[in-house]
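Listed here are the chains, written in short residue letters.
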Amino acid sequence: MRTQPVAVADFTSYESAYLSGFSNTFSSEPIPRALPQGQNSPLLCPYGLYAEQISGTSFTSPRELNRRTWFYRIKPSVTHEPFKPRVPAHSKLLSEFNQSNSSATPTQLRWKPVEIPDSPTDFVDGAIHYHLTNISALFLRSIPILLFRYTANKSMDKCAFCNADGDFLLVPQKGRLWITTECGRLQVSPDEIVVLPQGFRFAIDLPDGPSRGYVAEIFGTHFQLPDLGPIGANGLAAPRDFLVLPALFEEGTHPVLTAPTEKHGVALLDFVIFPPRWLVAEHTYQPPYYHRNCMSEFMGLILGGYEAKADGFLPGGASLHICMTPHGPDTKTYEATIAQGNEAGPQKLTDTMAFMFESCLIPRVCQWALDSPAIDPDYYRCWIGLRSHFSTEGLMDQIKLD
Ligand SMILES: O=C(O)Cc1cc(O)ccc1O
Ligand SMILES: [Fe+2]
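You'll find the protein entered in an unreviewed UniProt entry as homogentisate 1,2-dioxygenase, with Trapa incisa given as the organism. Its UniProt record gives the protein a comment under Pathway (unreviewed entry), which states: "Amino-acid degradation; L-phenylalanine degradation; acetoacetate and fumarate from L-phenylalanine: step 4/6."

> Describe the overall build of the protein, listing the residues and the values that go with them.
Scanning the protein for helices and strands turns up six helices and 24 strands. Looking at the 402 residues of the protein, the share that counts as buried comes to 34%. The contacts in the protein between residues at least 6 apart in sequence include a share of 72% that link residues at least 24 apart.

> So, the sheet that holds strand E9 (residues 161-162): which residues are in play, and what are the values?
Here we have four strands laid out as an open sheet, ordered E9-E14-E11-E12, and antiparallel in their pairing. Looking at the sheet topology across the chains shown, the edges are occupied by E9 and strand E12 (184-188). Bridging between strand E11 (residues 177-181) and strand E14 (residues 201-205) involves four bridges; their strand directions are antiparallel. In the strand pairing of E14, Ile 179 is matched with Ile 204.

> Before we move on, can you summarise the UniProt feature "active site" (unreviewed entry) in the protein with the specific residues and values?
On the UniProt side, "active site" (unreviewed entry) is annotated at positions that read His 254 here. You can call His 254 partly exposed: it has 15 C-beta atoms within 10 Å. If we ignore the near neighbours within four places in the chain, the residues touching His 254 are Gly 235, Leu 236 and Ala 237.

> Break down unusual backbone geometry for me, citing the residues and quoting the values.
Located in the positive-phi region is His 283, a residue other than glycine, with phi close to 55°. Its place among the elements puts His 283 in the loop between strand E19 (277-279) and strand E20 (296-304). By C-beta crowding, His 283 is classed as exposed, having 5 other C-beta atoms within 10 Å. One non-glycine residue with positive phi stands out, namely Met 324, at about 70°. In this structure, Met 324 sits in the loop between strand E21 (318-321) and helix H3 (331-340).

> Would you mind going over the domain arrangement of the protein in detail, with residue names and values included?
Reports of interface size often rely on the accessible area that becomes lost once the parts have come together. Here the protein is partitioned into domain 1 (91-218) and domain 2 (251-384). For domain 1 and domain 2, the distance between their C-alpha centres works out to 22 Å. Contacts between the two partners involve 35 residues from domain 1, matched on the other side by 40 residues from domain 2. Put simply, the parts of the chain that give the side of domain 1 that touches domain 2 at least two residues each are strand E4 (102-103), strand E5 (109-111), strand E7 (139-142), strand E8 (145-152), strand E10 (167-174) and strand E15 (211-218). Looking at the side of domain 1 that touches domain 2 residue by residue, the classes come out as 20 nonpolar, eight polar and seven charged.

> Which residues make up the site of ligand 1, and what values do they have?
Looking at ligand 1, the residues that line it are Pro 287, Pro 288, Asn 293, Glu 297, Ala 308, His 327 and Met 356. Classifying every residue of the shell around ligand 1 by side-chain character gives four nonpolar, two polar and one charged.

Conventions and cut-offs
- Residues numbered from 1 in each chain as written.
- Chains lettered and ligands numbered in written order.
- Predicted model: local features only at pLDDT ≥ 70, side-chain atom pairs only at ≥ 80, totals over all residues.
- UniProt positions renumbered as here; feature names shortened; annotations may be inferred.
- Helix = DSSP H or I, 4+ residues; strand = E, 2+ residues; numbered from the N terminus.
- Buried ≥ 20, exposed ≤ 12 C-beta atoms within 10 Å, placed from the backbone.
- Contact = placed C-beta atoms within 7 Å.
- Pairing = 2+ DSSP bridges.
- Domains from an automatic or database assignment.
- Nonpolar A, V, L, I, M, F, W, Y, C, P; charged D, E, K, R; others polar.
- Near = placed C-beta within 6 Å.

Written out as structure tokens, the structure is:
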């Protein structure tokens, strides 16, 4: 959306109206010749429209990074009255989180799905504010990223939201989102994601009623498609998978989006999916084997189960393994896999969609999320039952033979 996407008349016709191609340059006009020819800002725009630019990068950024959109509007966005704070008495602002009221912990953390609130809650209430009463969100903050969950049970009414300092990546888990943006209308289903870039105003309607999901916010950079690497030109997420804003998934586990740092291959935030797929390797414990990662991992589940966890990781739930904290299959999963042994042929993982936000930063968890009734205090126990299978019997036979 940092380039100019298509506008569509209504949500039901969205599929045919989308243009595709991540970071492509788009132009569209709902009525013929609404766009000026050969220049961005004519003295008089067609149809008496106002020209207005929104920039996603500084004007002098290198060409390959430079992002901007030109709008031709009936009225420019400057025609608004002074802003007023919108803070319900019973909630706190997301921006109140800081170093002193959050902590970094090496313990593995897991949260149950967030309950949909009883009281009327739109996306702004359920995400940007958190409700002390109904546990509507969970926050992890690390400058310059912020990860949280949202719940909402009502559409945004006569209001719009603008994220002035970061890009949002929204991952709905339950209920579709109809998002009205300054460039047009988008429908985002729980098997899709949407990037809402810095500065664009948007309003979220809930056609299916209650909705919940996950949000990553990045500051100071924009999402990119990941580099292709050794798997070549046709691997990883393709620009065509992105319908202007929403992403559609293809089979295979691959990074889908990345927000890079200056160090090549090290991401501020990678968005990775674990979709249905075939497991075919022989004599191999398939990932996710036990591991300690130099990156921090925040995982969510959109539907079904996740192959490394037999119990406790539920759709709408979340887990956090900070960098170098060990994790991997729970006891039940490990024992079941080992029991199958080498005889297990190719297996297809179906009815699943998990994802991970992976970052080189150290996430800080707000105290409220640590004290939340949604936290799973027994998470660590899922590994405690792992037995020793150590035996030197085979080795002794081998030594005797030698
Ligand atoms: O920890 C996890 O379950 C996520 C994960 C999955 C995988 O296949 C490889 C690495 C990894 O961190
Ligand atoms: Fe991991």
